[in-house]
Amino acid sequence: MSVHKSRCSALLSQALRQDGRNLPIFSLMAMAKSRHSNFRPSISLKALSGRTSNTEMSSSELKEEKSEIYSNDMTQAMGAVLTYRHELGMNYNYILQDLIVGSCLQTPEDVDKLRTIGVKTIFCLQQDSDLEYFGVDIGAIQDYAKHCKDIEHIRAEIRDFDAFDLRIRLPAVLSKLYKAVKRNQGVTYIHCTAGLGRAPAVALAYMFWILGYKLSEANQLLQSKRACFPKLEAIKSATADIITGLEKSFVSLTWEGDSFSSVEVSGLDIGWGQKIPLTFDEEKGLWILERELLEGRYEYKYIVDGEWLCNKYELITQPNKDGHVNNYVRVNSVDSTDVKREQRKRLMDDDVDLTEEERLIIKQFLESLTG
């Protein structure tokens, strides 16, 4: 197995520059559901338009229906019952005296609401597709914040419902956040769309990397203030990536048979909203995908002529609460030293804490990133 090493700064700088493959929100959420079932993307589209046309629905009805669809899809993709009601306006909770996690701003007036409670930094993790889905005019919000002069609006995008994208982007996002907090002082407001996944994860990483909390203690405090579902594995993986370096290994996935017109894979490092085609090798009679992956555990599923299937010859997860399973692969670098392997193992532990030296390494790394 060949191994390719990548330096953290190069890959993370690239991740910061990317605006992601912003699929329409319906596609992203619909495909996310496929992780758990043989869901078809048309269901969400019908849910929005099946009862009546948009022109016949009132604005409030449309917002409520969009919220219901978003909440259902979020629950399916995140593996926890989560609800977001966009029509009720911005909601938030103080996690610390100077750190707030909440839902998205919807109008320029929300900037004033945050100014009245001392917020100096608005840290937005949404992508354009998230904003478009709920019809949020981000330009108007940014322009108003800039006009106020006593508050800064910053965007650092992370793809919704995508733990791997969170892992890869987290260091670059935290670099922006760390520098903004030092620059602006005061209260910081971190938000995604619902404030239930990405924003809590970023707040946890900040508490873990910068403020000196153990990850489990930070999460316990967070959960006591706001019911949410941050992806802890992504935070631990990002931590290990910085401390031990980003190393990749090649994996090979195969599907046997020559009677199919197409075989694809979803999940892995691209999330459940996208697919990678396998190439058919006539000599071997196999559909093959070779891909370079960072260390970690990846779940995936095959799409064979449009049908979502597991490969019985590859590792399979235990059934989730709905009885659905995925294939998975665990990637370990063959080029790591014993010291690095043990260090990474410790950093992926449920009760992980950082040494003073490790926190210093992380802070210096965040300060070194540009963009």
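What this report covers is the structure whose coordinates are included nearby. Source: prediction; values computed, not measured. (Residues numbered from 1 in each chain as written. Predicted model: local features only at pLDDT ≥ 70, side-chain atom pairs only at ≥ 80, totals over all residues. Heavy atoms only, no water.)

By the element assignment, His 153 lies in strand 5 (residues 152-155). Overall, the relative accessible area of 15% leaves His 153 in the buried class. In contact with His 153, other than residues within four places in its own chain, are Ile 122, Cys 124, Ile 138, Ile 141, Gln 142 and Ala 145. (Helix = DSSP H or I, 4+ residues; strand = E, 2+ residues; numbered from the N terminus. Buried < 20%, exposed > 50% of the residue type's maximum accessible area, 1.4 Å probe, protein only. Contact = heavy atoms within 4.5 Å.)

As a further point, take the environment of Arg 115. Its location among the elements puts Arg 115 in helix 5 (residues 109-115). Measuring from C-alpha to C-alpha, the distance between Arg 115 and Ile 151 comes to 7.2 Å, with 36 residues separating the pair along the chain.

Across its 12 residues, helix 9 (residues 198-209) extends 16 Å between first and last C-alpha, which sits within 8% of the 16 Å expected from 1.5 Å per residue. Most of helix 9 is tucked away: 12 of the 12 residues are buried. All of the buried residues along helix 9 are Arg 198, Ala 199, Pro 200, Ala 201, Val 202, Ala 203, Leu 204, Ala 205, Tyr 206, Met 207, Phe 208 and Trp 209. (Expected span 1.5 Å × (residues − 1).)

The next point concerns the state of the cysteines. Defined simply, a disulfide is a covalent bond joining two cysteines at their sulfur atoms. If you walk through the whole model with that rule in mind, you get 0 disulfides. Lacking any disulfide linkage, Cys 192 is separated from the closest cysteine sulfur, that of Cys 104, by 8.5 Å. When its relative accessible area of 4% is taken as the criterion, Cys 192 is described as buried. (Disulfide = S-S within 2.5 Å.)

Right, let's get into the pairing of strand 12 (residues 296-304). With 7 of its 9 residues buried, strand 12 lies for the most part within the structure. Where strand 8 (residues 263-267) meets strand 12, 5 bridges bridge the pair, whose relative direction is antiparallel. Considered in strand 12, the bridge of Val 265 is made with Tyr 302. As judged from the 5 bridges shared by strand 12 and strand 14 (residues 327-331), these two strands associate in the antiparallel manner. What sits directly across from Gly 296, in strand 14, is Val 331. Where strand 12 folds back on strand 13 (residues 307-309), the antiparallel hairpin that results is connected by 2 residues, among which Asp 305 adopts a positive phi of roughly 50°. (Pairing = 2+ DSSP bridges.)

Looking now at the packing of aromatic side chains. Counted under the stated rule, the structure contains 11 aromatic pairs. An angle of 65° between the planes, with centres 5.7 Å apart, marks the rings of Tyr 70 and Phe 134 as edge-to-face. Here Tyr 70, found in helix 4 (residues 59-78), pairs with Phe 134, found in the loop between helix 6 (128-133) and helix 7 (138-148); they are 64 residues apart in sequence, far enough to count as distant. Ring geometry for Tyr 300 versus Tyr 302: centroids 5.8 Å apart, planes at 80°, classification edge-to-face. Residue Tyr 300 is classed as buried on the basis of its relative accessible area of 1%. Take Tyr 302: its relative accessible area is 0%, and that puts it in the buried class. Aromatic ring contacts, followed pair by pair, group Tyr 70, Tyr 84, Tyr 133, Phe 134 and Phe 161 into a single cluster. Sitting over the face of the ring of Tyr 178, Lys 182 holds its NZ or CZ atom 4.6 Å from the ring centroid. (Phe/Tyr/Trp six-rings, centres within 6.5 Å; stacked < 30°, edge-to-face > 60°. Lys NZ or Arg CZ within 6 Å of the ring centre and 35° of its normal.)

Right, let's get into the nonpolar core. Among the nonpolar cores identified, the biggest contains 77 residues, and Leu 125, Val 202 and Trp 209 are the most heavily contacted of them. Excluding residues within four positions of it along the chain, Val 202 makes contact with Phe 123, Leu 125, Ile 158, Leu 170, Val 173, Leu 174, Leu 177 and Ile 190. Core analysis: the second largest hydrophobic core is formed by 22 residues, Leu 246, Val 265, Trp 287 and Val 304 among them. (Core = buried A, V, L, I, M, F, W, Y, C linked by side-chain atoms within 4.5 Å.)

Along helix 10 (residues 215-225), the residues classified as buried are Leu 215, Ala 218, Asn 219 and Leu 222. Buried residues of helix 10, viewed axially, fall in a sector of 95°; they line one side. The exposed residues of helix 10 that point more than 90 degrees off its buried face are Gln 220 and Ser 224. Contact partners of the buried residues in helix 10: strand 2 (92-96), helix 9 and helix 11 (232-244). (Arc of directions from axis to C-beta.)

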